[in-house]
Amino acid sequence: MKIFAEKAAKTVKLAILAAAVMFCTFDTAAAAEAVYGSVLRCLNVVIPSLFAMMIVSALIVRSGALTVMPRWCGRISRFVFGMEGNIFPIFTFGMFAGYPVGVKMLCEEYDAGRISKKRAELLAGLCFGAGPAFTFGCISHQLYSSDKAGKVILISNISANFILALFMSFFLRNSCGESRNCRKCSLSSDMLTDSVVHSGRSMADICIMITAFSVVNSLLIRIGTAAAVGELLAKLTCLDRRSGEALVAALLDITNVSALPCGDWLLLPYISALVSFGGICVMFQLSAVSAGRISLRPLIMMRIAAALMSFWICRMILPYFMEYETVEVSVLTVSRNSGGSSVSSVMLVLMTVMLMCEMSGKSNKKPAEST
């Protein structure tokens with residue numbers, strides 16, 4: 001049975017690969033348009049909302065700032081959530097810094113020997129969040145032209161994370177120990193340079209993954225799979241077919257959430273659940289960031305649970321936030337364009353690449369000088 005399952009999985013993978021090759025070969029216009037749209041999303045949404053946070057998170061870990069925390073905070077986090085004093089800041093910071101940041105910080109803690117692999121895998125599902133920059137910039141302002149939508153999503157996601165953390169505390173508390181290998185907090189220019197370079201490489205992995213998934217999404221649209229799944233989802237959720245297809249695209253890549261119909265508050269619980277889960281593309285991004293150091297299976301299971309909780313929390317609190325919003329929406333003209341320019345993001349990418357090349361050149365010179 002196991003051998004048959006492995007052969008079936010291999011056959012499916014080969015079929016998907018063959019379909020992708022045929023799509024990119026015979027429908028180059030659609031593939032090029034998908035890549036172009038994903039590059040624009042990376043330049044206008046992903047890089048501005050995530051790159052700075054990734055640099056800051058790398059600095060926090062490398063400088064030892066996580067160890068600078070009052071002992072009473074560590075005792076409270078240990079008692080309530082079963083987390084050490086140096087892990088609780090990652091938990092809180094990871095919910096606001098962007099999807100890959102929490103996993104990136106945990107992997108660095110694991111590499112430094114301060115937490116075990118099993119503990120890092122359990123914590124990865126908790127130290128997770130889209131961040132206010134993406135929630136307000138890509139969803140709240142573009143789809144609703146109102147900060148209330150972003151507030152509802154943040155409250156729903158954070159509440160779901162805290163409930164999940166309270167449940168997981170029974171498992172985390174058993175293996176909770178004292179912070180190990182604590183060091184003094186220090187910050188230097190070399191540390192800043194290394195953080196920028198490593199964050200730039202991580203951003204490159206993330207943007208490449210988003211581009212790849214945009215082609216996959218275009219392929220699913222072309223062969224009709226997206227329409228079929230969207231129609232099925234629409235029947236199950238009482239939504240229209242267009243919204244169902246857009247939700248399927250957002251499930252593949254959360255940045256596609258901007259393609260949803262504007263001003264539809266009934267979609268907000270579904271958007272909240274998608275933001276809490278992160279989407280399939282985000283899972284592949286986390287796999288690239290972790291580089292196989294930790295397993296993502298516990299994270300996926302926890303994020304599915306968090307998405308369900310976020311959906312129902314959003315449905316419960318939505319009427320209190322949207323009491324007077326229907327009158328305002330009727331007179332609003334919502335624009336999908338962010339109004340910003342991609343020039344700043346392009347210049348940022350170029351400067352980061354130049355810095356990476358310079359650092360690579362210096363590392364190559366050091367062995368030669370030593371000889």
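The rules behind the values
- Within any chain, residue numbers begin from 1 and follow the written order of that chain's sequence.
- Given that this is a predicted model, residues contribute local features only at a pLDDT of at least 70 and side-chain atom pairs are listed and counted only at 80 or more, while totals for whole chains, interfaces and linings are drawn from all residues.
- Only hydrogens and water are removed before side-chain values are computed, so all heavy atoms of the structure are retained for them.
- Any residue with relative accessible area above 30% and no salt bridge may belong to a patch, with like charges joined within 9 Å and the nonpolar Val, Leu, Ile, Met, Phe, Trp and Tyr side chains within 5 Å.
- Note on areas: Shrake-Rupley with a 1.4 Å probe; residue coverage comes only from the protein chains shown.
- Salt-bridge detection follows one rule: a side-chain nitrogen of Lys or Arg within 4 Å of a carboxyl oxygen of Asp or Glu.
- By the criteria applied, helices consist of DSSP H or I runs no shorter than four residues and strands consist of E runs no shorter than two, each listed in order from the N terminus.
- Definition of nonpolar core: a set of buried residues of the types Ala, Val, Leu, Ile, Met, Phe, Trp, Tyr and Cys, connected through side-chain atoms within 4.5 Å.
- Exposure categories follow from relative accessible area, calculated using a 1.4 Å probe and restricted to protein chains: below 20% of the type maximum is buried, above 50% is exposed, and the middle band is partly exposed.
- Contacts were defined at the residue level, with two residues in contact if any of their heavy atoms lie within 4.5 Å.
- Expected helix span is given by 1.5 Å per residue-to-residue step, counting one fewer step than there are residues.
- A residue's bend is given by the angle between axes fitted to the 7 residues ending at it and the 7 residues starting at it.

A.B. asks: Quick rundown of a nonpolar patch on the surface? Include the residues and the values.
C.D. replies: Taken together, the side chains of Ile 300, Met 301, Ile 304 and Leu 308 make up a nonpolar region of the molecular surface, amounting to roughly 380 Å² of accessible area. By secondary structure assignment, the location of Ile 304 is in helix 14 (residues 297-321).

A.B. asks: Could you give me a rundown of the nonpolar core, with the residues and numbers involved?
C.D. replies: The biggest cluster of nonpolar side chains holds 86 residues, and the ones touching the most others in it are Met 83, Leu 126, Ile 139, Met 203, Leu 268 and Ile 271. For this core, the element with the highest residue contribution is helix 2 (residues 28-63), accounting for ten residues. With near-sequence residues (within four places) excluded, Ile 271 lies in contact with Ile 139, Leu 143, Tyr 144, Ile 153, Val 257 and Leu 260. In terms of nonpolar packing, the next biggest core, distinct from the first, is built from five residues, Phe 23, Ala 30, Ala 31 and Val 215 among them.

A.B. asks: How would you sum up the environment of Ala 291? Please name residues and give values.
C.D. replies: Inspection of the secondary structure assignment puts Ala 291 in the loop between helix 13 (280-290) and helix 14. Residue classification places Ala 291 among the exposed residues on the basis of a relative accessible area of 58%. Separated by 184 residues in sequence, Ala 291 and Cys 107 place their C-alpha atoms 9.2 Å apart.

A.B. asks: I'd like a description of the pattern of salt bridges, backed by residues and values.
C.D. replies: By the definition in use, this model includes two salt bridges. For Glu 108, the salt bridge goes to Lys 104, with nearest N and O atoms at 3.2 Å. On the criterion of helical spacing, the pair formed by Glu 108 and Lys 104 is a turn pair, its members being four residues apart in helix 5 (residues 99-111). For the pair Glu 108 and Lys 104, a shared accessibility class is recorded, and that class is buried. Among the salt bridges present, the one from Asp 111 reaches Arg 293, with a minimum N-O distance of 2.3 Å. Here Arg 293 lies in the loop between helix 13 and helix 14 and Asp 111 lies in helix 5, a separation of 182 residues in the sequence.

A.B. asks: Run through the environment of Ala 228, naming residues and quoting values.
C.D. replies: Residue placement: Ala 228 occurs in helix 10 (residues 225-237). Spatially, the C-alpha atoms of Ala 228 and Arg 241 are 9.2 Å apart, while their sequence positions differ by 13 residues.

A.B. asks: I'd like to hear about helix 14, residue by residue, with values.
C.D. replies: Given a rise of 1.5 Å per residue, 25 residues ought to cover 36 Å, and the 35 Å separating the end C-alpha atoms of helix 14 matches this to within 8%. At Arg 315, helix 14 is bent by approximately 30°, the largest bend along its length, and proline Pro 319 sits one to four residues beyond. Taken together, the buried positions of helix 14 are occupied by Leu 299, Met 302, Arg 303, Ala 306, Ala 307, Ser 310, Phe 311, Ile 313, Cys 314, Ile 317 and Leu 318. Taken together, the buried residues of helix 14 touch helix 5, helix 6 (117-124), helix 8 (147-172), helix 12 (268-277) and helix 13.

Worth remembering: the numbers are spatial, not functional.
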